[in-house]
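# Observations on the three-dimensional arrangement
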Amino acid sequence: MRWTLYGAPGWGSTLAECALAWTDEPFDFVDVDGFDQRGPARDRLIRANPLARVPTLAGPGGLVLTESAAIILHLAERNPDAALAPPPTDPDRPIFLDRLAWFVSAVYPTFTYRDYPERWAPSATEELVARIDAFRCSLWSQFEDRVGPGPHVLAHRPSALDIYVAVMSRWRPGRAWFRTHCPKLHEIALAAEALPALAPVIQRNFGD
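Summarised in this report is the structure supplied together with it. Nothing here was measured: the structure is a model prediction, and the numbers come from that model. (Residues numbered from 1 in each chain as written. Predicted model: local features only at pLDDT ≥ 70, side-chain atom pairs only at ≥ 80, totals over all residues. Heavy atoms only, no water.)

## A few points about the sheet that holds strand E4 (residues 64-65)
Where we set the bar: Note on pairing: DSSP must find at least two bridges between two strands before they are called paired. By definition, any uninterrupted DSSP run of H or I lasting at least four residues is a helix, any uninterrupted run of E lasting at least two residues is a strand, and each is numbered from the N terminus. Contacts are assigned to residue pairs that have any heavy atoms within 4.5 Å of one another. Every axis in this analysis is a line fitted to C-alpha atoms, fitted for helices over the stretch in contact. Angles between the N-to-C directions lie between 0 and 180 degrees.
Spatially, the four strands line up as an open sheet ordered E2-E1-E3-E4, and their pairing is mixed. Looking along the sheet, the strands with just one partner apiece sit at the ends: strand E2 (27-31) and E4. Relative to strand E3 (residues 56-58), strand E1 (residues 3-7) is paired through three bridges, and the arrangement is antiparallel. Bridge pairing in E3 links Tyr 6 to Thr 56. Across the sheet, helix H2 (residues 40-48) is in contact with E1, E2, E3 and E4; its angle to E1 comes to roughly 135°.

Written as structure tokens, this is what we have:
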């Protein structure tokens, strides 16, 4: 089985690209950079995903996955030995699911609204941006308080949660903020980026 991943460097598709690399699943990358504006890239993406969002992961038989959490869980189930996620009967499974849902339901939407404030509050874009930035920082600080000792979100156990920390900490407020305000998450990000499967993906998407 060979996948097709529609994405843009540094965007949310990096999460799926990391998961594919982690599980050693073969895939082709379709660069749709600029998909958020009218043009050929957006048209190409819409043919696969009418919502025009990344990541969009397409497989044989018409299978299309458009949510990063669904992609993570599907790849984990296909590749249980890769340990992308704790198995269903594992004691760490509930907290894994809770924190995975937190990334996609609490943090990720803040970028949808913050990156395009003119769509949501055209008469108060600066106020919206300021409030969302502050709210996102508060979310990360709460998460920092929940992380225990160890180089990974699940203590001494690598998982897809580390991918989310590594990728999303590259976005606003940025890695320098994490180093100062969320040092445990900063160390988790560095440890994840050092994993042999993930290091090339991070370099391709962020250039270092």
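That shown, we press on.
## Examining the packing of aromatic side chains
The condition is simple: A pair of Phe, Tyr and Trp rings is counted when the ring centres sit within 6.5 Å of each other, with Trp represented by its six-membered ring. The angle between the planes then sorts it: under 30 degrees is stacked, over 60 is edge-to-face, the rest tilted. Burial status follows relative accessibility: with a 1.4 Å probe on protein chains alone, a residue under 20% of its type maximum counts as buried, one over 50% as exposed, and anything between as partly exposed. Think of it as a cone above the ring: NZ of Lys or CZ of Arg counts as a charge over the ring if it is within 6 Å of the ring centre and within 35 degrees of the ring normal.
The full count for this structure, using the stated rule, is 13 aromatic pairs. Ring geometry for Trp 102 versus Trp 140: centroids 5.7 Å apart, planes at 75°, classification edge-to-face. Of the two residues, Trp 102 is situated in helix H4 (residues 93-114) and Trp 140 in helix H6 (residues 125-146); the sequence distance between them amounts to 38 residues. An angle of 15° between the planes, with centres 5.0 Å apart, marks the rings of Phe 103 and Tyr 164 as stacked. In this pair, Phe 103 is assigned in helix H4 and Tyr 164 in helix H7 (residues 160-168), connecting sequence segments 61 residues apart. Summarising the burial analysis for this pair, Phe 103 and Tyr 164 share the class buried. Pairwise contacts between aromatic rings join Trp 102, Phe 103, Trp 140, Phe 143, Tyr 164, Trp 177 and Phe 178 into one cluster. Over the aromatic face of Phe 111 sits the side chain of Arg 136, whose NZ or CZ is 3.8 Å from the ring centroid.

## Side note on the state of the cysteines
Stated precisely, the cut-off is as follows: Cysteine sulfurs are considered disulfide-paired once they come within 2.5 Å of each other.
Going through the model one piece at a time under the given rule, you end up with zero disulfides. In this structure Cys 18 is a free cysteine whose sulfur lies 20 Å from that of Cys 182, the closest cysteine sulfur available. Its relative accessible area of 1% is what places Cys 18 among the buried residues. Counting only cysteine sulfurs, Cys 137 is the nearest neighbor of Cys 182, a cysteine outside any disulfide, at a range of 8.1 Å.

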